[in-house]
Amino acid sequence: MIKQKFSLHTHNNAFGIFDGKSSPEDMVRKAEELGLETLGISNHFIWHPNMQRAHDMFFVDYNKALDVFKRNIEIIKELRAKSKINILAGFEVDFFPSVEWRKGFERMLKELEYDYLIGSTHFMRTADESYLCNIYHMNELPQGTTFEQIDEYMKGYWENTIEAIKSGYFDFMAHLDYCTIFNLCTSEKWNEYKWRVIEALDKNHQAYELNTSGYRRIERPHPDYWMIEELNKRNVPILISDDAHVAEHLCNGFDKAESYLESINYTNRWTFNK
Ligand SMILES: [Zn+2]
Ligand SMILES: [Zn+2]
């Protein structure tokens, strides 16, 4: 029996653009089978005027991005009309601190009928945002990129997360230490940034997820246990997410996550209420 009756961080393959492997319909069917009361669909919101295009769902062009995001919501509305459970429209947003990005983002939000926003970081970048690289596509870094440069770019990763928390745009933050799956920022020198993330979450009363996809890849959730335990001491609200990209991964690891949260007496659980 699944205790948390919702899953809000999920992906699908709408339009063959987004990076899920299952169709939106299959995701809903699986959520119904599992007995969830609410399924949130949160395909990626990745737009930046300086984006080096490496994937269909990374948008440089403002209008093209807005068009796809709008059509994504139309699909969700159709599913909502047909489904027995609540279907919510969300986005997993890659936040950037520059004024230019924020302006575009706010302008898009006015035109999108979303229910909630997840703040997320998948990019490393230069300080001025002139160069961005998705961590997943690190192999596309220009030849000759040095370790020192990668360290500089990773500072941009953490600044994105910290500034996203401070921005107040987001209902909750996703996989805070996502980069560690790629063996980035695993050494102690990065703890300074992880502590800043903890302090920003605390200060801004910002909810965050325990992301169970880590169990599949690095045998622990995101963020790492010690961060969750520090955040518990500060009573920061938490929810459990699967970050499912295929229907079979919906609610994966939820039982394990529940037992862990119970074992550390983490009681401040975030729920969607709007
Ligand atoms: Zn993500
Ligand atoms: Zn995700």
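Look up: the structure comes first, before these words.
Residues numbered from 1 in each chain as written. Chains lettered and ligands numbered in written order. Predicted model: local features only at pLDDT ≥ 70, side-chain atom pairs only at ≥ 80, totals over all residues. Heavy atoms only, no water.

Can you help me understand the packing of aromatic side chains in this one?
For any pair of aromatic rings, the description rests on two quantities: the centre-to-centre distance and the angle between the ring planes. Per the counting criterion, the structure on display carries 27 aromatic pairs. With centroids separated by 5.6 Å and ring planes inclined at 45 degrees, the aromatic side chains of Tyr131 and Tyr153 adopt a geometry described as tilted. Note that Tyr131 is positioned in the loop between strand S6 (123-125) and strand S7 (132-134) and Tyr153 in helix H4 (residues 147-167), a separation of 22 residues in sequence. Here the aromatic rings of Tyr178 and Phe182 are separated by 5.4 Å at their centres, their planes lie at 65 degrees, and the arrangement is edge-to-face. Overall, the relative accessible area of 8% leaves Tyr178 in the buried class. The lysine or arginine in question, Arg71, covers the ring of Phe15, its NZ or CZ lying 4.7 Å from the ring centre. (Phe/Tyr/Trp six-rings, centres within 6.5 Å; stacked < 30°, edge-to-face > 60°. Helix = DSSP H or I, 4+ residues; strand = E, 2+ residues; numbered from the N terminus. Buried < 20%, exposed > 50% of the residue type's maximum accessible area, 1.4 Å probe, protein only. Lys NZ or Arg CZ within 6 Å of the ring centre and 35° of its normal.)

Any chance you could explain the coordination of the zinc ion (ligand 2) here in plain terms?
For a metal with four tetrahedral donors the ideal donor-metal-donor angle is 109.5 degrees, while six octahedral donors give ideal angles of 90 or 180 degrees. Only His9 (NE2), His11 (NE2), Glu92 (OE) and Asp243 (OD) from the protein reach the zinc ion (ligand 2) as donors, at distances of 2.1 to 2.2 Å. Taken in sequence order, the residues that donate to the zinc ion (ligand 2) follow the motif H-x1-H-x80-E-x150-D. Here the zinc ion (ligand 2) and the zinc ion (ligand 1) are spaced 3.2 Å apart, and both take Glu92 as a donor. Taken together, the residues Glu92 in strand S4 (residues 86-94) and Asp243 in the loop between strand S10 (238-241) and helix H8 (254-263) connect sequence positions 151 residues apart. Taken as a pair, Glu92 and Asp243 share a single burial class, namely buried. (Donors = N, O, S within 2.8 Å, 3.2 Å for Na, K, Ca; no water.)

Got a minute to help me understand the packing of H4 against helix H5 (residues 191-203) in this structure?
To describe two helices that pack against each other, one gives the angle between their axes and the distance between the axes. Contact geometry for H4 and H5: axes closest at 9 Å, N-to-C directions at 10 degrees. Comparing the axis directions of H4 and H5 gives the class roughly parallel. Contact with H4, carried on its side by Lys155, Trp158, Glu159, Thr161, Ile162 and Ile165, involves Tyr193, Lys194, Arg196, Val197, Ala200 and Leu201 of H5 and no other residues of that element. (Axes fitted to C-alpha atoms, helices over the stretch in contact; angles between N-to-C directions. Parallel < 35°, antiparallel > 145°, perpendicular 65-115°, else oblique. Contact = heavy atoms within 4.5 Å.)

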